[in-house]
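# Structural features, examined
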Amino acid sequence: MIIQVCVGSSCHLKGSAEIVELFQNAISEHRLDREITLAGSFCIGKCNRIGVTVQVDDDIYTGITRENFKEFFNEKVLSGFSEGKN
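A few points on the structure.

About the thresholds
Residues numbered from 1 in each chain as written. Predicted model: local features only at pLDDT ≥ 70, side-chain atom pairs only at ≥ 80, totals over all residues. Heavy atoms only, no water. Salt bridge = Lys/Arg side-chain N within 4 Å of Asp/Glu carboxyl O. Buried < 20%, exposed > 50% of the residue type's maximum accessible area, 1.4 Å probe, protein only. Helix = DSSP H or I, 4+ residues; strand = E, 2+ residues; numbered from the N terminus. Contact = heavy atoms within 4.5 Å. Expected span 1.5 Å × (residues − 1). Axes fitted to C-alpha atoms, helices over the stretch in contact; angles between N-to-C directions. Parallel < 35°, antiparallel > 145°, perpendicular 65-115°, else oblique. Left-handed = near helix turned anticlockwise from the far one by under 90°. Nonpolar A, V, L, I, M, F, W, Y, C, P; charged D, E, K, R; others polar.

Turning our attention to the pattern of salt bridges. All told, the structure shown has three salt bridges when counted by the stated rule. A salt bridge links Arg-66 to Glu-67, with the shortest nitrogen-to-oxygen separation between them at 3.3 Å. For the residue pair Arg-66 and Glu-67, the accessibility class agrees, reading exposed in each case. The partner of Lys-76 in a salt bridge is Glu-75, with the nearest N and O atoms 3.1 Å apart. When its relative accessible area of 43% is taken as the criterion, Glu-75 is described as partly exposed. Salt bridges here are not isolated pairs; linked through shared partners, they connect Glu-18, Arg-66 and Glu-67.

Another aspect to go through is the side chain of Ser-16. With respect to the helices and strands, the residue Ser-16 is situated in helix H2 (residues 16-29). Beyond its immediate sequence surroundings of up to four residues, Ser-16 is in contact with Val-5, Cys-6, Val-7, Cys-11 and Val-52.

This part is about H2. Here H2 spans 20 Å end to end across 14 residues, near enough to the 20 Å set by a 1.5 Å rise per residue. Of the surrounding secondary structure, the elements contacted by the buried residues of H2 are strand S1 (2-6), helix H1 (9-13), strand S2 (37-41), strand S3 (52-56), strand S4 (59-64) and helix H3 (69-82). Arg-31, located one to two residues past H2, shows a positive phi value of around 55°.

What follows deals with the packing of H2 against H3. Running from N to C, H2 and H3 point in directions that differ by 55°, and their axes come no closer than 11 Å. In terms of axis orientation, H2 runs oblique to H3. Note that H2 runs across H3; the crossing there is right-handed. Residues Ile-19, Leu-22, Phe-23, Ala-26 and Ile-27 of H2 form the contact with H3, whose own contacting residues are Phe-69, Phe-72, Phe-73 and Val-77. Its residues placed into classes, the contact of H2 with H3 shows nine nonpolar, no polar and no charged.

Printed below as a string of structure tokens:
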């Protein structure tokens, strides 16, 4: 699985560095270091008023914040592994 976090100027101002850190911690906590590639990306082109844009494989999600990160990670990342997808 490839996760790209937008680090363009808009997302940077909305906390993309913190979202990257949350991903790093969650990936490590769930021992998915070998299963997930985490990368930064310049503008993905889906800027939103709130939160950061994240791409998980081919799917793009907007509005990721510290407050909704855990739900997002569980629903969009962990569920892919529990369903046997990589």
